[in-house]
Amino acid sequence: MQTKLVYISTSTFAKYNQEPVLTLRTAGYGVELNHFGRQLTEAEIGQILREKQIIGLIAGTEPLTEEVLKNSASLKVISRCGVGLDNVNLNAAEKFGMKVY
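Small disclaimer: the values here were computed from a predicted structure and weren't measured. (Residues numbered from 1 in each chain as written. Predicted model: local features only at pLDDT ≥ 70, side-chain atom pairs only at ≥ 80, totals over all residues. Heavy atoms only, no water.)

**Q** Help me understand the pairing of strand β2 (residues 29–33) in this model?
**A** Each regular strand carries side chains that alternate between the two faces of the sheet. With five bridges joining them, strand β1 (residues 4–8) and β2 adopt parallel strand pairing. Bridge pairing in β2 places Val-6 opposite Val-31. Remark: the β1/helix α1 (residues 19–26)/β2 crossover connection has right-handed handedness. (Pairing = 2+ DSSP bridges. Helix = DSSP H or I, 4+ residues; strand = E, 2+ residues; numbered from the N terminus. Right-handed = clockwise from strand over helix to strand, strands pointing away.)

Here is the structure:
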């Protein structure tokens, strides 16, 4: 059985406190962190979500366009870390059955 993966795209997430990551791992999720150390491009986040079959995304400000979401078939939930949802195409997320928080 493949581990359910959560990707954390914000480059500073868990930098000072690993508790959120440990909570996810204890609950049985695999966790991958943004290793670029910067905001991801549309192409980078699209490739990560598609190739790694991510089910949950703790999102920063990278562009989550309709094209990105359309090609992220395994993605079920987006939790936007920070203020605002301007970078998330909410209509596309709804269209593809993704919950956005």
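**Q** Whenever I open this one, the nonpolar core confuses me. Can you help?
**A** Taken as a class, soluble globular proteins show a tendency for nonpolar side chains to be buried jointly. With 18 residues, the main nonpolar core has Ile-45, Leu-49, Leu-57, Leu-64, Leu-69, Leu-75 and Ile-78 as its most contacted residues. Residue assignment for this core shows that the elements contributing at least two residues are β1, α2 (42–51), β3 (54–59), α3 (66–70) and α4 (90–95). Excluding residues that lie within four positions of it along the chain, Ile-45 makes contacts with Tyr-7, Ser-9, Leu-40, Leu-57, Glu-62, Pro-63, Leu-64 and Val-68. Counting residues in each nonpolar core, the second largest holds seven residues, with Val-6, Phe-13, Ala-14 and Val-21 among its members. (Core = buried A, V, L, I, M, F, W, Y, C linked by side-chain atoms within 4.5 Å. Buried < 20%, exposed > 50% of the residue type's maximum accessible area, 1.4 Å probe, protein only. Contact = heavy atoms within 4.5 Å.)

**Q** Can you walk me through the pattern of salt bridges in this structure?
**A** Counted by the stated rule, this structure contains four salt bridges. A salt bridge links Arg-38 to Glu-44, with the nearest nitrogen and oxygen atoms 2.7 Å apart. For Glu-44, a relative accessible area of 17% translates into the label buried. The partner of Lys-70 in a salt bridge is Glu-67, and the shortest N-O contact between them spans 3.3 Å. With Lys-70 and Glu-67 both in helix α3 and three residues apart, this pair spans about one turn of that helix. You can call Lys-70 partly exposed: its relative accessible area is 45%. Owing to a relative accessible area of 43%, Glu-67 belongs among the partly exposed residues under this scheme. (Salt bridge = Lys/Arg side-chain N within 4 Å of Asp/Glu carboxyl O.)

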